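Breakdown of the fold
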Amino acid sequence: MKTILFILLDNFADWEAAFLASALRGGVMPGHTGRYEIAYATPGGYPVRSIGGLTVAPDRSTEAGLPDECAGIVLVGGMNWQTPEAATAEPLAREALTRGLLLGAICNATAFLAAHELLNEARHTGNTVEILQQWGGDRYTGSTHYEERQAVRDGNLVTANGTGYLEFTRECLLALAADTPEAIDTSYRFNKQGFYNE
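Residues numbered from 1 in each chain as written. Predicted model: local features only at pLDDT ≥ 70, side-chain atom pairs only at ≥ 80, totals over all residues. Heavy atoms only, no water.

1. Digging into the overall build of the chain
- Across its full length, the chain holds 6 helices and 9 strands.
- A compact globule built from 198 residues would reach a C-alpha radius of gyration of about 16 Å, and the chain, at 16 Å, matches this within 12%.
- With respect to the principal axes defined by its C-alpha atoms, the chain has extents near 45 × 35 × 35 Å.
- Taken across its 198 residues, the chain has 53% of its residues classed as buried.
- Pairs at least 24 apart in sequence give 62% of the contacts found in the chain among residues at least 6 apart.
- Surface summary for the chain: the accessible area is close to 9,300 Å², and the carbon and sulfur share equals 48%.
- Within the chain, the 24 negative side-chain charges are centred at a point lying 4 Å from the centre of the 14 positive side-chain charges. (Helix = DSSP H or I, 4+ residues; strand = E, 2+ residues; numbered from the N terminus. Rg over C-alpha atoms; globule rule 2.2 N^0.38 Å. Buried < 20%, exposed > 50% of the residue type's maximum accessible area, 1.4 Å probe, protein only. Contact = heavy atoms within 4.5 Å. Areas by Shrake-Rupley, 256 points an atom, 1.4 Å probe, with all protein chains shown as cover. Lys, Arg positive; Asp, Glu negative; His and termini not counted. Charge placed at Lys NZ, Arg CZ, Asp CG, Glu CD.)

2. A look at the side chain of N161
- Within the secondary structure layout, N161 lies in the loop between strand 9 (157–160) and helix 5 (165–175).
- At 2.8 Å, the side chain of N161 and the side chain of Q150 are in polar contact.
- Those residues in contact with N161 that lie beyond four places of it in its chain are I106, C107, T125, G126, N127, R149 and Q150. (Polar contact = N/O pair within 3.5 Å; in protein donor to acceptor, adjacent residues only side chain to side chain.)

3. Some words on the nonpolar core
- Counting 32 residues, the largest nonpolar core has I73, L75, W81, L103 and L113 as its most contacted members.
- Per-element tally for this core: the top contributor is helix 3 (residues 108–115), with 5 residues.
- Contact partners of L75, with chain neighbours within four places excluded, come to I7, W81, A89, L103, G104, A105, I106, A109, F112 and L113.
- Core analysis: the second largest hydrophobic core is formed by 31 residues, I4, Y36, I38 and A160 among them. (Core = buried A, V, L, I, M, F, W, Y, C linked by side-chain atoms within 4.5 Å.)

4. Things to note about the sheet that holds strand 8 (residues 151–154)
- Strand order across the open sheet formed by 7 strands is 5-2-1-6-7-9-8, with mixed pairing between neighbours. Taken across any chain shown, the strands that pair with only one partner, and hence form the sheet edges, are strand 5 (60–61) and strand 8. (Pairing = 2+ DSSP bridges.)

5. Some points on the pattern of salt bridges
- If you walk through the whole model with that rule in mind, you get 9 salt bridges.
- E147 is paired through a salt bridge with R123; the nearest N and O atoms lie 2.7 Å apart. Placement of the pair is E147 in the loop between helix 4 (129–136) and strand 8 and R123 in the loop between helix 3 and helix 4, with a sequence separation of 24 residues.
- Note on R123: relative accessible area 32%, which makes it partly exposed.
- One continuous salt-bridge network, built from bridges that share partners, spans R123, E147 and R149. (Salt bridge = Lys/Arg side-chain N within 4 Å of Asp/Glu carboxyl O.)

6. Thoughts on helix 1 (residues 14–26)
- Between its first and last C-alpha atoms helix 1 spans 18 Å; for 13 residues at 1.5 Å apiece the expected length is 18 Å, and the two agree.
- Listed as buried for helix 1 are E16, A17, L20, A21, A23 and L24.
- In this structure, the buried residues of helix 1 make contact with strand 1 (2–7), strand 2 (36–42), strand 6 (70–75), strand 7 (102–106) and helix 5.
- Of the residues one or two after helix 1, G27 is the one with positive phi, at around 105 degrees. (Expected span 1.5 Å × (residues − 1).)

7. Some points on unusual backbone geometry
- At C107, a residue that is not glycine, the phi angle is positive and equals roughly 60 degrees.
- With respect to the secondary-structure elements, C107 resides in the loop between strand 7 and helix 3.
- Even without glycine at this site, E117 takes up a positive phi of about 65 degrees.
- In this fold, E117 is placed in the loop between helix 3 and helix 4.

Have a look at this one:
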């Protein structure tokens, strides 16, 4: 199986990775089979703690580069995407784009991409275009490609705002052909509406 690398920083947003990682590894719905391995990377390979207090011991460091048989990377949002440690993710994100692998970014990780000139040529979203402009400064010239949507997929680039984790999951699953479009849509609707649509 190919591997999807999730990049975590201290104070990462637990919920922004949960639905996607479990669908990739365990299947989009009960009875379906997961089609990808999951690995977690952090700066220096050190454990990190989520906003909710979950401590994660990673599989590798961001400095180790992409794993063999890598199919994509996911930058999980959180509060530390403006730190020096976050910069270790930039070469991985750039390599993923260059190689045509999935590059997913949600919440403040989208602003990180803007600050590294990785959103200038593609349709994308984020928390707000103003935040992307603030973080990116002169390096972010892609505001005309910004869309006010929960999640946006442009080829293998998937971006989402911090409340769009289910839409982000859906678009990443579609980009990776992790199951049929029908099964992915069923999974999205189930997680969005639950058993009862109130």
